[in-house]
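Chain and residue survey
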Amino acid sequence: MSSFTEKLSPEAVQFFNMVCSKPFSEQAVHFLNAYWHEIGNQAEFIFSIAWDLAKKSDMKAKNINYVHQYEEGNDFDFNFGLYFYEQICKFVEDEKNVQWVGKEWAISQPEMMTAIKRKQELREKVDVNFDGRVSFLEYLLYQYREYANPADFCVRSMSAPDEHPEIKKARLALQEVNKRISEFEAEKQRLTEESELPGVKGLAAKNLLAQLESSPQKERLNQALITAEAAVRKASKQFGGGKIVALGSTAPTNADGRTELPTDGAIWWMNRDLEEKQKRYGPKPKK
């Protein structure tokens, strides 16, 4: 495999920048598709911890307090890149999160270093395209540099086929769920604020807030979840479902000896994303 600092060709730089311009989650899927056989068993850490903290760091950078106002970003300046790393370090050092510091997650643990050293590391090593910013892809490539590097990522990903229509359909269906979640949360926030008002207006808002689970916004959200579930299930059935493999496994090759690029990362991510959305916003079981 090529070295982490190997210079990228102009075509590779263009491709790399294109991936880095995508939302954090899509960068993660590109990365997991390319390195599923080596790093697929770290997908849960990437999804539950790194991605979650990236979004929270991005919200802080943009001074956004509510999820419904947030549109997923793609990178940080060095100051918030440093903040993002600090949040991951604090997370794994917190004794409440001991389940994430076991041997199975060792490769996902950030290396502890001073802020000065970290900023130097961001500038000299993490920032692959020298744009003065840190994308989620750059973070992933550096964090898992034992198995991945920018040049190898580009070789693997640029030779991949275009996104399959069924996978694209499922991805867009999940984006529609995000849209409906924002709509639902915006209405919830509006009614919550109005419920604090005195008089009839406050009482009316409290009444509507109590009925929010049967509101038009919730009905549209439920329908979007049903549509997404069907689309993700169909894509998973067609492509085999993103099974976790042992850390460092070798990717299968085709008859020409080239590494096959699986869609396992995309399938796993969509199923995990759907699961989380259903847990938070799916129909509640009747008591």
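These figures come from a predicted structure and were not determined experimentally.

1. Some thoughts on the overall build of the protein
Looking only at helices and strands, one finds 11 helices and 2 strands in the protein. Along its sequence from the N terminus, the protein presents helices and strands in the succession α-α-α-β-α-α-β-α-α-α-α-α-α. Counting across all 287 residues of the protein, residues that qualify as buried make up 46%. Looking at the protein alone, contacts between residues at least 24 apart form 77% of all its contacts between residues at least 6 apart. Approximately 15500 Å² of the protein is accessible, and the part contributed by carbon and sulfur atoms is 53%.

2. As for the confidence of the model for the protein
Here the protein shows a mean pLDDT of 90. Residues at 70 or above account for 90%. Between the elements of the protein, mean pLDDT differs from a low of 92, seen in helix H5 (residues 115–126), to a high of 98, seen in helix H3 (residues 43–61). When the criterion is pLDDT under 50, residues 253–261 qualifies, and its contacts beyond four places in sequence or with other chains add up to 14 contacts.

3. Concerning the nonpolar core
Core analysis: the largest hydrophobic core is formed by 78 residues, its most contacted members being Phe 31, Phe 136 and Phe 153. Once residues lying within four places of it in the same chain are set aside, the contact partners of Phe 136 are Phe 24, Gln 27, Ala 28, Ile 46, Ala 50, Trp 51, Ala 54, Asn 74 and Phe 84.

4. Describing the environment of Phe 84
Relative to the helices and strands, Phe 84 is located in helix H4 (residues 78–93). Assessed through its relative accessible area of 1%, Phe 84 is described here as buried. Considering only alpha carbons, one finds Phe 84 and Ala 50, 34 residues apart in sequence, at a separation of 8.8 Å. The contacts of Phe 84, once residues within four sequence positions are left out, are Ala 50, Leu 53, Ala 54, Ser 57, Phe 76, Phe 136 and Tyr 139.

5. Looking at the packing of aromatic side chains
By the definition in use, this model includes 23 aromatic pairs. Both rings, one in Phe 45 and one in Trp 100, keep their centres 5.8 Å apart while their planes meet at 75°; by these two values the pair is edge-to-face. Separated by 55 residues along the polypeptide, Phe 45 in helix H3 and Trp 100 in the loop between H4 and H5 bring together distant segments of the chain. Among the residues examined, Trp 100 registers a relative accessible area of 12% and is labelled buried. An aromatic cluster of three or more residues is present, and its members are Phe 24, Phe 76, Phe 84, Tyr 85, Phe 136 and Tyr 139. Against the face of Trp 51 rests Lys 55, its NZ or CZ located 3.5 Å from the ring centre. The ring of Tyr 142 has Arg 145 lying over it, and the distance from NZ or CZ to the ring centre is 3.9 Å.

What counts as what
Residues numbered from 1 in each chain as written. Predicted model: local features only at pLDDT ≥ 70, side-chain atom pairs only at ≥ 80, totals over all residues. Heavy atoms only, no water. Helix = DSSP H or I, 4+ residues; strand = E, 2+ residues; numbered from the N terminus. Buried < 20%, exposed > 50% of the residue type's maximum accessible area, 1.4 Å probe, protein only. Contact = heavy atoms within 4.5 Å. Areas by Shrake-Rupley, 256 points an atom, 1.4 Å probe, with all protein chains shown as cover. pLDDT = per-residue confidence, 0-100. Core = buried A, V, L, I, M, F, W, Y, C linked by side-chain atoms within 4.5 Å. Phe/Tyr/Trp six-rings, centres within 6.5 Å; stacked < 30°, edge-to-face > 60°. Lys NZ or Arg CZ within 6 Å of the ring centre and 35° of its normal.

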